[in-house]
Amino acid sequence: MADRIAQTVVKMYLEPEVEPMFHPDSYGYRPGRSALQAVGVCRERCWKRDWVIDLDIRAFFDTLDHELVLRAVRHHTDLKWILLYVERWLKAPLQREDGTLVAREQGSPQGSAISPLLANLFMHYAFDAWMKREFPHIGFERYCDDVVVHCKSERQAQYILTAITERLAHCRLEVSSTKTRIVYCKDDHRPGSHELHRFDFLGYTFRPRLSRSRKYDRYFVNFSPAVSDEAGKAMRREIRHWRLQRRSDKTLGDLARMFNNIVQGWINYYGRYYPSMLHRSLRPINEYLVRWAQRKYKRLRGHTERARRFLADVARREPNLFAHWRMGLRPSAG
(Lines give C-alpha, C1' and ligand atoms only; values in the text may rest on other atoms or scores of the structure.)
Protein backbone atom coordinates (compact mmCIF):
# COMPACT_ATOMS: atom_id res chain seq x y z
CA MET A 1 0.00 0.00 0.00
CA ALA A 2 2.84 2.38 0.87
CA ASP A 3 4.51 1.65 -2.47
CA ARG A 4 1.31 2.29 -4.37
CA ILE A 5 0.83 5.66 -2.66
CA ALA A 6 4.44 6.61 -3.41
CA GLN A 7 4.07 5.52 -7.04
CA THR A 8 0.95 7.65 -7.40
CA VAL A 9 2.81 10.66 -5.96
CA VAL A 10 5.67 10.19 -8.44
CA LYS A 11 3.18 9.79 -11.29
CA MET A 12 1.40 13.00 -10.27
CA TYR A 13 4.73 14.81 -10.25
CA LEU A 14 6.17 13.44 -13.50
CA GLU A 15 3.07 13.30 -15.69
CA PRO A 16 2.59 17.09 -16.04
CA GLU A 17 6.27 17.35 -16.97
CA VAL A 18 6.28 14.73 -19.72
CA GLU A 19 2.70 14.73 -21.03
CA PRO A 20 3.01 17.92 -23.16
CA MET A 21 5.94 16.48 -25.11
CA PHE A 22 4.35 13.11 -25.88
CA HIS A 23 3.55 12.36 -29.52
CA PRO A 24 -0.06 12.94 -30.71
CA ASP A 25 -0.12 9.37 -32.10
CA SER A 26 0.46 7.93 -28.60
CA TYR A 27 -2.84 6.96 -26.92
CA GLY A 28 -2.16 4.51 -24.10
CA TYR A 29 -2.75 5.51 -20.47
CA ARG A 30 -2.78 9.22 -21.22
CA PRO A 31 -5.30 11.75 -19.85
CA GLY A 32 -7.97 12.66 -22.38
CA ARG A 33 -7.00 9.82 -24.74
CA SER A 34 -8.54 6.41 -25.25
CA ALA A 35 -8.20 3.14 -27.13
CA LEU A 36 -11.32 3.97 -29.17
CA GLN A 37 -9.68 7.16 -30.40
CA ALA A 38 -6.70 5.09 -31.58
CA VAL A 39 -9.03 2.64 -33.35
CA GLY A 40 -10.87 5.52 -35.05
CA VAL A 41 -7.69 7.19 -36.32
CA CYS A 42 -6.35 3.82 -37.47
CA ARG A 43 -9.59 3.23 -39.40
CA GLU A 44 -9.30 6.54 -41.26
CA ARG A 45 -5.63 6.04 -42.09
CA CYS A 46 -6.30 2.54 -43.42
CA TRP A 47 -8.62 4.17 -45.95
CA LYS A 48 -5.85 6.53 -47.05
CA ARG A 49 -2.80 4.23 -46.99
CA ASP A 50 -2.74 0.81 -48.62
CA TRP A 51 -0.37 -0.99 -46.29
CA VAL A 52 0.01 -1.50 -42.54
CA ILE A 53 2.81 -2.77 -40.31
CA ASP A 54 1.19 -4.68 -37.44
CA LEU A 55 4.08 -4.40 -34.97
CA ASP A 56 4.53 -6.77 -32.03
CA ILE A 57 7.26 -6.23 -29.42
CA ARG A 58 8.22 -9.46 -27.71
CA ALA A 59 7.58 -9.46 -23.93
CA PHE A 60 7.72 -5.66 -23.77
CA PHE A 61 7.04 -5.15 -20.05
CA ASP A 62 9.33 -8.05 -19.12
CA THR A 63 12.32 -6.82 -21.13
CA LEU A 64 12.42 -3.06 -20.51
CA ASP A 65 16.03 -2.09 -19.86
CA HIS A 66 16.41 -0.49 -16.42
CA GLU A 67 19.35 1.67 -17.40
CA LEU A 68 17.50 3.18 -20.37
CA VAL A 69 14.32 3.75 -18.35
CA LEU A 70 16.27 5.57 -15.64
CA ARG A 71 18.09 7.61 -18.29
CA ALA A 72 14.71 8.76 -19.65
CA VAL A 73 13.49 9.68 -16.15
CA ARG A 74 16.70 11.61 -15.39
CA HIS A 75 16.12 13.65 -18.52
CA HIS A 76 13.03 15.15 -16.86
CA THR A 77 13.93 15.36 -13.18
CA ASP A 78 17.01 15.55 -10.98
CA LEU A 79 15.13 14.94 -7.74
CA LYS A 80 17.05 12.18 -6.00
CA TRP A 81 14.04 10.78 -4.15
CA ILE A 82 12.17 10.16 -7.43
CA LEU A 83 15.19 8.51 -9.06
CA LEU A 84 15.79 6.39 -5.96
CA TYR A 85 12.21 5.19 -5.76
CA VAL A 86 11.91 4.45 -9.49
CA GLU A 87 15.11 2.39 -9.39
CA ARG A 88 13.86 0.46 -6.35
CA TRP A 89 10.52 -0.31 -8.02
CA LEU A 90 12.21 -1.47 -11.20
CA LYS A 91 14.63 -3.75 -9.37
CA ALA A 92 12.22 -5.08 -6.74
CA PRO A 93 12.37 -8.91 -6.86
CA LEU A 94 9.48 -10.90 -8.26
CA GLN A 95 7.65 -13.12 -5.76
CA ARG A 96 6.40 -16.45 -7.06
CA GLU A 97 3.33 -18.30 -5.83
CA ASP A 98 5.46 -20.49 -3.56
CA GLY A 99 6.92 -17.38 -1.87
CA THR A 100 10.39 -17.54 -3.40
CA LEU A 101 11.93 -14.31 -4.69
CA VAL A 102 13.48 -13.93 -8.13
CA ALA A 103 15.87 -11.08 -8.84
CA ARG A 104 14.65 -8.71 -11.56
CA GLU A 105 17.37 -7.44 -13.90
CA GLN A 106 15.02 -6.04 -16.53
CA GLY A 107 11.35 -5.30 -17.00
CA SER A 108 8.80 -3.09 -15.29
CA PRO A 109 6.36 -4.30 -12.60
CA GLN A 110 2.96 -4.64 -14.30
CA GLY A 111 -0.08 -3.46 -12.42
CA SER A 112 1.77 -0.68 -10.60
CA ALA A 113 0.59 2.92 -10.72
CA ILE A 114 3.84 4.15 -12.24
CA SER A 115 4.48 1.40 -14.81
CA PRO A 116 2.32 2.79 -17.67
CA LEU A 117 3.96 6.22 -17.41
CA LEU A 118 7.46 4.69 -17.41
CA ALA A 119 6.55 2.55 -20.43
CA ASN A 120 5.21 5.58 -22.32
CA LEU A 121 8.28 7.62 -21.45
CA PHE A 122 10.56 4.82 -22.65
CA MET A 123 8.63 4.32 -25.90
CA HIS A 124 8.54 8.06 -26.53
CA TYR A 125 12.31 8.11 -26.89
CA ALA A 126 12.70 4.59 -28.31
CA PHE A 127 9.97 4.87 -30.96
CA ASP A 128 7.75 8.00 -31.14
CA ALA A 129 10.44 10.71 -31.24
CA TRP A 130 12.59 8.53 -33.50
CA MET A 131 9.71 8.04 -35.97
CA LYS A 132 9.05 11.78 -35.99
CA ARG A 133 12.71 12.40 -36.74
CA GLU A 134 13.36 9.61 -39.28
CA PHE A 135 9.91 9.21 -40.92
CA PRO A 136 8.02 12.46 -40.25
CA HIS A 137 5.34 11.77 -42.89
CA ILE A 138 4.49 8.25 -41.68
CA GLY A 139 1.44 8.01 -39.45
CA PHE A 140 1.11 5.46 -36.67
CA GLU A 141 -1.03 4.64 -33.64
CA ARG A 142 0.64 3.44 -30.47
CA TYR A 143 -1.18 2.23 -27.38
CA CYS A 144 1.71 1.46 -25.01
CA ASP A 145 3.46 -1.44 -26.80
CA ASP A 146 0.68 -2.08 -29.35
CA VAL A 147 1.68 -0.31 -32.58
CA VAL A 148 0.26 0.07 -36.09
CA VAL A 149 2.26 1.91 -38.79
CA HIS A 150 0.72 3.07 -42.11
CA CYS A 151 2.64 2.95 -45.41
CA LYS A 152 2.01 3.76 -49.07
CA SER A 153 3.51 0.59 -50.53
CA GLU A 154 4.66 -2.88 -49.55
CA ARG A 155 8.23 -1.91 -50.37
CA GLN A 156 8.04 1.11 -48.08
CA ALA A 157 6.53 -1.06 -45.33
CA GLN A 158 9.36 -3.58 -45.57
CA TYR A 159 11.96 -0.81 -45.47
CA ILE A 160 10.41 0.90 -42.45
CA LEU A 161 9.91 -2.40 -40.62
CA THR A 162 13.61 -3.19 -41.05
CA ALA A 163 14.52 0.27 -39.71
CA ILE A 164 12.13 -0.10 -36.75
CA THR A 165 13.54 -3.54 -35.92
CA GLU A 166 17.08 -2.16 -35.87
CA ARG A 167 16.04 0.86 -33.82
CA LEU A 168 14.25 -1.20 -31.15
CA ALA A 169 17.15 -3.65 -31.00
CA HIS A 170 19.40 -0.66 -30.28
CA CYS A 171 17.01 0.12 -27.39
CA ARG A 172 17.29 -3.52 -26.25
CA LEU A 173 13.82 -4.54 -27.39
CA GLU A 174 13.01 -7.37 -29.80
CA VAL A 175 10.43 -7.25 -32.58
CA SER A 176 8.59 -10.60 -32.77
CA SER A 177 9.28 -12.07 -36.20
CA THR A 178 6.30 -14.44 -35.95
CA LYS A 179 3.66 -11.94 -34.77
CA THR A 180 4.77 -8.81 -36.66
CA ARG A 181 3.16 -8.68 -40.10
CA ILE A 182 2.76 -6.48 -43.16
CA VAL A 183 -0.93 -6.30 -44.12
CA TYR A 184 -2.66 -5.09 -47.30
CA CYS A 185 -5.75 -2.93 -46.61
CA LYS A 186 -7.81 -4.42 -49.41
CA ASP A 187 -11.16 -2.94 -50.47
CA ASP A 188 -13.16 -2.23 -53.65
CA HIS A 189 -10.76 0.54 -54.69
CA ARG A 190 -7.61 -1.54 -54.21
CA PRO A 191 -7.37 -4.28 -56.83
CA GLY A 192 -4.03 -5.66 -55.66
CA SER A 193 -3.57 -8.86 -53.69
CA HIS A 194 -1.51 -10.03 -50.74
CA GLU A 195 -1.53 -13.06 -48.46
CA LEU A 196 -2.50 -10.96 -45.40
CA HIS A 197 -5.65 -8.83 -45.43
CA ARG A 198 -6.38 -8.51 -41.71
CA PHE A 199 -4.86 -7.51 -38.37
CA ASP A 200 -6.00 -7.06 -34.77
CA PHE A 201 -5.65 -3.82 -32.83
CA LEU A 202 -7.03 -3.07 -29.35
CA GLY A 203 -9.73 -5.74 -29.46
CA TYR A 204 -10.83 -4.94 -33.02
CA THR A 205 -10.13 -6.89 -36.19
CA PHE A 206 -9.46 -4.78 -39.29
CA ARG A 207 -10.32 -6.56 -42.54
CA PRO A 208 -12.37 -6.18 -45.75
CA ARG A 209 -16.08 -6.04 -44.89
CA LEU A 210 -19.29 -5.54 -46.82
CA SER A 211 -20.63 -2.06 -46.10
CA ARG A 212 -23.58 -0.02 -47.34
CA SER A 213 -23.20 3.43 -48.85
CA ARG A 214 -25.97 5.71 -47.59
CA LYS A 215 -25.17 8.29 -50.25
CA TYR A 216 -25.45 5.92 -53.22
CA ASP A 217 -27.62 3.22 -51.61
CA ARG A 218 -25.37 0.35 -52.62
CA TYR A 219 -23.05 -2.18 -51.02
CA PHE A 220 -19.29 -2.14 -51.35
CA VAL A 221 -16.25 -3.77 -49.74
CA ASN A 222 -14.68 -1.54 -47.13
CA PHE A 223 -11.56 -2.11 -44.99
CA SER A 224 -12.92 -1.50 -41.51
CA PRO A 225 -12.78 -2.65 -37.86
CA ALA A 226 -15.21 -4.78 -35.86
CA VAL A 227 -14.99 -6.68 -32.61
CA SER A 228 -12.27 -9.33 -32.87
CA ASP A 229 -12.96 -13.07 -32.70
CA GLU A 230 -10.84 -13.29 -29.56
CA ALA A 231 -12.79 -10.53 -27.81
CA GLY A 232 -16.09 -12.11 -28.88
CA LYS A 233 -15.06 -15.49 -27.49
CA ALA A 234 -14.04 -13.85 -24.20
CA MET A 235 -17.46 -12.17 -23.91
CA ARG A 236 -19.36 -15.38 -24.64
CA ARG A 237 -17.18 -17.25 -22.15
CA GLU A 238 -17.94 -14.72 -19.41
CA ILE A 239 -21.66 -14.82 -20.20
CA ARG A 240 -21.60 -18.62 -19.77
CA HIS A 241 -19.89 -18.22 -16.42
CA TRP A 242 -22.74 -16.01 -15.19
CA ARG A 243 -25.01 -19.09 -15.25
CA LEU A 244 -28.09 -16.95 -15.76
CA GLN A 245 -30.30 -20.00 -16.30
CA ARG A 246 -29.59 -21.21 -12.76
CA ARG A 247 -30.41 -17.96 -10.98
CA SER A 248 -34.09 -18.77 -10.55
CA ASP A 249 -34.06 -17.04 -7.17
CA LYS A 250 -33.61 -13.72 -9.00
CA THR A 251 -36.12 -11.61 -10.91
CA LEU A 252 -35.44 -10.24 -14.40
CA GLY A 253 -34.89 -6.86 -12.79
CA ASP A 254 -32.29 -8.39 -10.47
CA LEU A 255 -30.44 -9.96 -13.40
CA ALA A 256 -30.52 -6.67 -15.32
CA ARG A 257 -29.04 -4.80 -12.36
CA MET A 258 -26.36 -7.46 -11.87
CA PHE A 259 -25.05 -7.56 -15.44
CA ASN A 260 -26.20 -4.48 -17.36
CA ASN A 261 -23.11 -2.44 -16.49
CA ILE A 262 -20.82 -5.12 -17.92
CA VAL A 263 -22.87 -5.56 -21.10
CA GLN A 264 -23.21 -1.81 -21.58
CA GLY A 265 -19.43 -1.48 -21.26
CA TRP A 266 -19.00 -4.03 -24.08
CA ILE A 267 -21.55 -2.18 -26.21
CA ASN A 268 -19.88 1.19 -25.59
CA TYR A 269 -16.49 -0.15 -26.65
CA TYR A 270 -17.05 -2.90 -29.22
CA GLY A 271 -20.24 -1.41 -30.62
CA ARG A 272 -18.59 1.80 -31.84
CA TYR A 273 -17.58 0.32 -35.21
CA TYR A 274 -19.56 -2.25 -37.21
CA PRO A 275 -21.86 -3.05 -34.24
CA SER A 276 -23.67 -5.87 -36.03
CA MET A 277 -20.62 -8.09 -35.43
CA LEU A 278 -21.21 -7.68 -31.70
CA HIS A 279 -24.69 -9.23 -31.96
CA ARG A 280 -23.30 -12.76 -32.20
CA SER A 281 -21.70 -12.43 -28.77
CA LEU A 282 -24.69 -10.84 -27.03
CA ARG A 283 -27.58 -12.90 -28.48
CA PRO A 284 -26.82 -15.92 -26.22
CA ILE A 285 -27.97 -13.83 -23.25
CA ASN A 286 -31.53 -14.18 -24.52
CA GLU A 287 -31.20 -17.96 -24.77
CA TYR A 288 -30.00 -18.14 -21.19
CA LEU A 289 -32.92 -15.95 -20.12
CA VAL A 290 -35.34 -18.34 -21.88
CA ARG A 291 -33.86 -21.23 -19.88
CA TRP A 292 -34.05 -19.06 -16.73
CA ALA A 293 -37.78 -18.53 -17.35
CA GLN A 294 -38.33 -22.28 -17.78
CA ARG A 295 -36.57 -22.92 -14.50
CA LYS A 296 -38.30 -20.03 -12.71
CA TYR A 297 -41.92 -20.74 -13.66
CA LYS A 298 -43.50 -24.19 -13.49
CA ARG A 299 -45.94 -23.41 -16.31
CA LEU A 300 -43.00 -22.88 -18.68
CA ARG A 301 -40.99 -25.97 -17.84
CA GLY A 302 -40.47 -28.11 -20.89
CA HIS A 303 -42.09 -25.46 -23.11
CA THR A 304 -39.29 -23.58 -24.88
CA GLU A 305 -41.52 -21.73 -27.35
CA ARG A 306 -43.87 -20.66 -24.58
CA ALA A 307 -40.89 -19.35 -22.60
CA ARG A 308 -39.72 -17.43 -25.69
CA ARG A 309 -43.14 -15.80 -26.02
CA PHE A 310 -43.08 -14.89 -22.33
CA LEU A 311 -39.68 -13.21 -22.70
CA ALA A 312 -40.73 -11.47 -25.92
CA ASP A 313 -43.79 -10.04 -24.13
CA VAL A 314 -41.57 -8.71 -21.34
CA ALA A 315 -39.27 -7.11 -23.93
CA ARG A 316 -42.23 -5.39 -25.61
CA ARG A 317 -43.38 -3.95 -22.30
CA GLU A 318 -39.90 -3.05 -21.02
CA PRO A 319 -37.62 -2.67 -24.07
CA ASN A 320 -34.91 -0.96 -22.02
CA LEU A 321 -34.73 -3.53 -19.23
CA PHE A 322 -31.53 -5.18 -20.50
CA ALA A 323 -28.64 -3.28 -22.09
CA HIS A 324 -28.53 -5.49 -25.19
CA TRP A 325 -32.29 -5.05 -25.70
CA ARG A 326 -31.69 -1.30 -26.07
CA MET A 327 -29.51 -1.95 -29.13
CA GLY A 328 -32.28 -3.96 -30.80
CA LEU A 329 -31.37 -7.47 -29.64
CA ARG A 330 -34.77 -8.17 -28.08
CA PRO A 331 -36.06 -11.77 -28.00
CA SER A 332 -38.65 -12.85 -30.55
CA ALA A 333 -41.64 -15.08 -29.97
CA GLY A 334 -40.91 -17.32 -32.95
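The structure presented is a predicted model; accordingly, all values stated were derived computationally and were not measured. Residue numbering note: each chain is counted from 1, following its sequence as written. Per-residue local features of the predicted model are confined to residues with pLDDT of at least 70, and side-chain atom pairs are confined, for both listing and counting, to 80 or more; whole-chain, interface and lining totals are unaffected and use all residues. The basis for every side-chain value is the complete set of non-hydrogen atoms in the structure, without hydrogens or water.

With that settled, the discussion passes to the environment of Asp 229. Residue position: Asp 229 is located in helix H8 (residues 229-242). Burial here depends on accessible area, computed with a 1.4 Å probe over protein chains only, as a share of the maximum for the residue type. Under 20% is buried, over 50% is exposed, and the range in between is partly exposed. Take Asp 229: its relative accessible area is 43%, and that puts it in the partly exposed class. When the C-alpha positions of Asp 229 and Met 277 are compared, they lie 9.5 Å apart, and in sequence the two are 48 residues distant. Each residue touching Asp 229, except ones within four places of it in the same chain, is listed here: Arg 198 and Thr 205. For helices the rule is a DSSP run of H or I covering at least 4 residues; for strands it is a run of E covering at least 2, with both sets numbered from the N terminus onward. Contacts are residue-level and defined by heavy atoms, with any inter-residue pair within 4.5 Å sufficient.

Attention now moves to the environment of Leu 64. As for its placement among the helices and strands, Leu 64 is situated in the loop between helix H3 (60-63) and helix H4 (66-74). Take Leu 64: its relative accessible area is 1%, and that puts it in the buried class. Through-space distance from the C-alpha of Leu 64 to that of Glu 105 is 9.4 Å; in sequence the pair is 41 residues apart.

With that settled, consider helix H5 (residues 80-91). In an α-helix, one turn spans 3.6 residues; hence positions three or four apart end up facing the same way. Its twelve residues give H5 an end-to-end C-alpha distance of 16 Å, which sits within 8% of 16 Å, the value for a rise of 1.5 Å per residue. Considered for burial, the residues of H5 that qualify are Ile 82, Leu 83, Val 86, Trp 89 and Leu 90. Buried residues of H5, seen end-on, are gathered within an arc of 130° and therefore sit on one face of the element. Counted as exposed and oriented over 90 degrees from the buried face of H5: Lys 80 and Arg 88. Lining the buried residues of H5 we find helix H1 (2-18), H4 and helix H6 (115-134). Take the residue count of a helix, subtract one, and multiply by 1.5 Å to get its expected span. When we speak of the arc, we mean the arc of directions from the helix axis to the C-beta atoms.

In space, the four strands of this open sheet follow the order S4-S5-S1-S6, with antiparallel pairing throughout. If you trace the sheet from one side to the other, it starts and ends with strand S4 (140-143) and strand S6 (181-184), each paired once. Across this sheet, the average inter-strand angle for adjacent strands is 15°, counted without regard to direction. Pairing geometry for strand S1 (residues 51-56) and strand S5 (residues 146-151), over six bridges, is antiparallel. Counted as the bridge partner of Asp 54 is Val 148 from S5. In the packing of helix H2 (residues 35-48) onto the sheet, contacts are made with S1, S4 and S5, and the angle to S4 comes to roughly 160°. Any two strands between which DSSP finds at least two bridges are classified as paired. Where helices are involved, their axes are fitted lines through C-alpha atoms of the stretch in contact, as for all axes, and angles between N-to-C directions lie from 0 to 180°.

Here a pair means two rings of Phe, Tyr or Trp (six-membered ring of Trp) with centres within 6.5 Å. Their orientation is stacked below 30 degrees between planes, edge-to-face above 60, and tilted elsewhere. Using the criterion set out here, one finds 19 aromatic pairs in the structure. Look at Trp 130 and Phe 135: their rings are 5.7 Å apart centre to centre, the planes differ by 75°, and that puts the pair in the edge-to-face class. Phe 135 matches Trp 130 in its accessibility class, with the two residues each being buried. Both rings, one in Tyr 204 and one in Tyr 269, keep their centres 5.7 Å apart while their planes meet at 55°; by these two values the pair is tilted. Of the two residues, Tyr 204 sits in strand S8 (residues 204-213) while Tyr 269 sits in helix H9 (residues 252-270), which places them 65 residues apart along the sequence. Counted as over-ring charges are cases with an Arg CZ or a Lys NZ within 6 Å of the ring centre that also lie within 35 degrees of the ring normal. Above the plane of the ring of Tyr 27 lies Arg 33, whose end atom (NZ or CZ) is 5.0 Å from the centre. Lying over the aromatic face of Tyr 274, Arg 209 brings its terminal NZ or CZ to 5.5 Å of the ring centre.

A few words now on a positive patch on the surface. Note that patches include only residues with greater than 30% relative accessible area and no salt bridge, and the join distances are 9 Å for like charges and 5 Å for nonpolar side chains (Val, Leu, Ile, Met, Phe, Trp, Tyr). Surface exposure here means Shrake-Rupley accessible area, sampled with a 1.4 Å probe, where a residue is shielded only by the protein chains that are shown. Put simply, a salt bridge is a Lys or Arg side-chain nitrogen that is within 4 Å of an Asp or Glu carboxyl oxygen. Counted as positive: Lys and Arg. Counted as negative: Asp and Glu. His and the chain ends are not counted at all. For the purpose of locating charges, the reference atoms are NZ of Lys, CZ of Arg, CG of Asp and CD of Glu. Taken together, the side chains of Arg 243, Arg 246, Arg 291, Arg 295, Lys 298 and Arg 301 make up a positively charged region of the molecular surface. For Arg 243, the location among the structural elements is in the loop between H8 and H9. The class of Arg 243 is partly exposed, set by a relative accessible area of 45%.

This part is about the sheet that holds S8. In a beta sheet, neighbouring strands are held together by backbone hydrogen bonds and run either parallel or antiparallel to one another. Taken in spatial order, the three strands make up an open sheet running S7-S8-S9, and their pairing is antiparallel. Strand pairing shows two members of the sheet lacking a second neighbour, strand S7 (199-201) and strand S9 (218-227), which therefore form its edges. Taking the axes of each pair of neighbouring strands and ignoring which way they run, one obtains an average angle of 50° across the sheet. Contacts from H2 reach S7, S8 and S9, with the element oriented near 60° to S8.

Turning our eyes to something else, we now look at the pairing of S8. The pairing of S7 with S8 spans three bridges and is classified as antiparallel. Looking at S8, one finds that Phe 199 is bridged to Phe 206. Between the end of S7 and the start of S8, which pair antiparallel, lie two residues, with Leu 202 showing a positive phi angle near 55°. Where S8 meets S9, ten bridges bridge the pair, whose relative direction is antiparallel. For Pro 208, the partnering residue across the bridge sits in S9 and is Phe 223.

Here we take up the nonpolar core. We call a set of buried Ala, Val, Leu, Ile, Met, Phe, Trp, Tyr and Cys residues a nonpolar core when their side-chain atoms join them within 4.5 Å. Phe 199, Phe 201, Phe 206 and Leu 289 are the most contacted members of the largest nonpolar core, which totals 52 residues. Among the elements that line this core, the one with the most residues is H9, at eight residues. Beyond its immediate chain neighbours, meaning those up to four positions away, Phe 199 contacts Cys 42, Cys 46, Val 52, Asp 54, Val 148, Arg 181, Val 183, Tyr 204, Thr 205, Phe 206 and Phe 223. In this structure, Val 69, Ile 114, Leu 121 and Ile 182 belong to the second largest nonpolar core, which totals 51 residues.

Below, the discussion takes up the packing of H4 against H5. One can describe the packing of H4 onto H5 by two numbers: an axis separation of 11 Å at closest approach and a directional angle of 160°. By the angle class used here, H4 and H5 are roughly antiparallel. The handedness of the crossing between H4 and H5 is right-handed. Contacts between H4 and H5 involve His 66, Val 69, Leu 70, Val 73 and Arg 74 on the former and, on the latter, Ile 82, Leu 83, Val 86, Glu 87, Leu 90 and Lys 91. We call Asp, Glu, Lys and Arg charged. Ala, Val, Leu, Ile, Met, Phe, Trp, Tyr, Cys and Pro are nonpolar, and the rest, Gly among them, are polar. In terms of residue class, the contact of H4 with H5 is made up of seven nonpolar, one polar and three charged. Roughly parallel means an angle under 35 degrees; roughly antiparallel means over 145; roughly perpendicular covers 65 to 115; every other angle is labelled oblique. In this scheme the handedness of a crossing depends on how the near helix is turned from the far one: anticlockwise by less than a right angle means left-handed, clockwise means right-handed.

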